[in-house]
Amino acid sequence: MDKRTFRVYRGDNERGELKSYEVEINEGMVVLDVIHQIQAEQENDLAVRWNCKAGKCGSCSMEINGKPKLACMTRMNEYEPGQTIVVTPLKAFPVLKDLVSDVSWNYRQNERIKPVKLAPEAKTDRGYVMYQKDVDRIQEFRKCIECYLCQDVCHILRDHDKQDAFIGPRFMIRVASLEMHPLDIEDRLPELKEEFGSGYCNITRCCTDVCPEHINLTDNGIIPLKERVVDRFYDPVTILRRKIFGPRKKKLPPINK
Amino acid sequence: MQSDTSIAIHTRGLGTTLRQDKWWIYPALILFGLTSFLVYGFWSAWQADYYWYDAGVSGFGGYLAPFYSPLLFIKEGVAGAAPMSHSIFGAWPEWWPQWLPPSPSLLILAVPGIFRFTCYYYRKAYYRAFTGTPPACAVGALQRKRKDGYRGETGLMVVQNIHRITMYFAVTYIIVFFYDAYLSFFRGGEFGVGLGSILILGNPIFLAGYTFGCHSIRHLVGGSRDCYSCSMVGNASHESWKLVSWLNRRHELFAWISLIWIVVADLYIRLVSMGVIIDPNTWS
Ligand code: SF4
Ligand code: SF4
Ligand code: FES
Ligand code: FES
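Residues numbered from 1 in each chain as written. Chains lettered and ligands numbered in written order. Predicted model: local features only at pLDDT ≥ 70, side-chain atom pairs only at ≥ 80, totals over all residues.

Q: Got a minute to help me understand the site of ligand 2 in this structure?
A: As a structural note, the neighbourhood of ligand 2 is formed by 15 residues, with Cys144(A), Cys147(A), Cys150(A), Arg170(A) and Cys211(A) the closest of them. A per-class count over the shell around ligand 2 returns 11 nonpolar, 1 polar and 3 charged. (Near = placed C-beta within 6 Å. Nonpolar A, V, L, I, M, F, W, Y, C, P; charged D, E, K, R; others polar.)

And the structure:
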């Protein structure tokens, strides 16, 4: 057993304070356990959001010693003995109370993305047929638990308040998962470039650094999308090829194989 | 239970953070690494001399400093200059401005320079280290004073989209460097090996490792497809995409190895050509 000082944000969106708590740490504890202990023993109205305690629901996102993290997956033994732990709510979103922030802006971004539109001729009496190697790339993005840590760390939203111009990394990879879908026939590139603001991302890769699901958002999602934008709007070679041969026709996977 | 002074949660400003680790190490190393490279590169290009070494033996072969390759024109009568037969277009042009040194390097630096400048890896590196947007993750970014604030790569920096175009040209440098490596294993038409040849051979190898991990190439060989099993070429495309992706995951590594290697090779040949150091080799 080991004594620790926790400094936890108490307050609302305008102002608050870092309040200090002395806590006893047992082996195997994670930061969320400590917050719960403070809540049970010292501060009954401390607000914290959580759900699964297994790193799968994405509810317990907060900032621990300045780093956006899942509190339920952050073990106490990551920190030096005696180190003070500072816990604050997500910086990029409005604080509702204490450690709980209002992430509803993200839900509205999701709604702006055109849903999947499957090629009608791809439908067979066995349903839709796809091959593993065609969906490998997309499956990486499907691991997302919507914790919004990437949205929180992205400096475009966090430091420059460009919520009206940039949709954020989580939704960039949602667009990527639809654009790379072998059966999808929708085109989202014009809005990706304009309304969703793919050009705002300067690929500094912080979204990739914080993702608890280890999704390589920048290299596998955002940059490939930027390259598709280059194809469509900037590369004279591919633009000329399209002018001469017309747009590439969407081919569908073989049904019997 | 003591209360600390009130804090505003949404404070802004360069470097503001609650992080307690040494987040400044990465940007500091990048700042140092890239600045040193730029200083050396421009200095070397400005010298306009001592970029060639063949120990005074005429005939096929010799060391050409990588910052000076390919040689479009050659100014004769300069110390450590290559023989005229190595020039692609011949003698030094008349129109070259007086105030600029007659350096073949200045003619060819732009392509690899812009290629690296617009590379998706280097962009991360210098946006963090030089422009502080952001200096490190969850560390306050430099605030923009302009009315419309931060514009990323939608404003002036939209030029980053020429990366694809520079890539088309940059791949030719790998071929040029392989030729230089071939050349470096001969002196006066005789085959041999020197420390210089090994250094020069490293260039195209590491440059290829870097270039073929490029995101633009990754896109062109397969990333642009939504489906690999849908067409005849899909399989080949998938295999090459996997290969490029392997290099792509090591893009940062190759970016630095190739950068450091080219400086070492260039400096080495300059020093050998000046007679400051002696090249160990099989010819002498
Ligand atoms: S890589 Fe782009 S999307 Fe990801 S955090 Fe950086 S700026 Fe934001
Ligand atoms: S991409 Fe990663 S960091 Fe972003 S919301 Fe999904 S799981 Fe969280
Ligand atoms: S509580 Fe579900 S991810 Fe932490
Ligand atoms: S992405 Fe680095 S060279 Fe193209």
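There's plenty left to go through after this.
Q: Honestly, the domain arrangement of chain B in this entry has me stumped. Any pointers?
A: As a measure of interface size, the accessible area lost when the parts come together is often cited. Residues and elements named next belong to chain B. As far as domains go, chain B holds domain 1 (25-212 + 252-274) and domain 2 (214-249). Distance between the C-alpha centres of domain 1 and domain 2: 28 Å. In this complex, domain 1 contributes 8 residues to the contact, which on the side of domain 2 involves 6 residues. Broken down by element, the side of domain 1 that touches domain 2 gets its largest block of residues, 3 residues, from helix H5 (residues 163-184). Looking at side-chain class alone, the side of domain 1 that touches domain 2 contains 4 nonpolar, 3 polar and 1 charged residues. (Domains from an automatic or database assignment. Contact = placed C-beta atoms within 7 Å. Helix = DSSP H or I, 4+ residues; strand = E, 2+ residues; numbered from the N terminus.)

Q: Honestly, the site of ligand 1 in this entry has me stumped. Any pointers?
A: All names here are of chain A. Neighbouring residues of ligand 1: 14 residues in total, closest Cys154, Pro169, Cys201, Cys206 and Cys207. Of all the secondary structure elements, the ones that give two or more residues to the shell around ligand 1 are helix H8 (206-210) and helix H9 (217-233). A per-class count over the shell around ligand 1 returns 10 nonpolar, 3 polar and 1 charged.

Q: Honestly, the packing of H5(B) against helix H6 (residues 195-211) of chain B in this entry has me stumped. Any pointers?
A: Think of two packed helices as two axes; the pair is described by the angle between the axes and how far apart they sit. Residues and elements named next belong to chain B. At a minimum axis distance of 8 Å, the contact between H5 and H6 shows a crossing angle of 160°. As far as their axial angle goes, H6 and H5 are roughly antiparallel. By crossing handedness, the relation of H5 to H6 is classed as left-handed. Only Gly196, Ser197, Ile200, Leu201, Asn203, Pro204, Leu207, Ala208 and Thr211 of H6 make contact with H5, whose side of the interface consists of Ala170, Val171, Tyr173, Ile174, Phe177, Phe178, Asp180, Ala181 and Ser184. Broken down by class, the residue content of the contact of H5 with H6 amounts to 12 nonpolar, 5 polar and 1 charged. (Axes fitted to C-alpha atoms, helices over the stretch in contact; angles between N-to-C directions. Parallel < 35°, antiparallel > 145°, perpendicular 65-115°, else oblique. Left-handed = near helix turned anticlockwise from the far one by under 90°.)

Q: What is the right way to look at helix H1 (residues 25-47) of chain B in this model?
A: Each α-helix winds once per 3.6 residues, and so residues spaced three or four apart point in a common direction. Residue and element names in this part refer to chain B. The end-to-end C-alpha distance of H1 is 33 Å, a good match for the 33 Å that 23 residues give at a rise of 1.5 Å each. Among the residues of H1, those classed as buried are Pro27, Ser44 and Ala45. Packed against the buried residues of H1 are helix H2 (104-108), helix H4 (120-129) and helix H9 (251-274). A positive backbone phi angle near 65° is found at Ala48, which sits one or two residues after H1. (Expected span 1.5 Å × (residues − 1). Buried ≥ 20, exposed ≤ 12 C-beta atoms within 10 Å, placed from the backbone.)

Q: Where do I start with the domain arrangement of chain A in this structure?
A: All names here are of chain A. Entries for chain A in the domain assignment read domain 1 (2-101) and domain 2 (104-245). The centre of domain 1, based on its C-alpha atoms, is set 32 Å off from the matching centre of domain 2. Contacts between the two partners involve 12 residues from domain 1 and, on the opposite side, 13 residues from domain 2. Of the residues that constitute the side of domain 1 that touches domain 2, the class distribution is 7 nonpolar, 3 polar and 2 charged.

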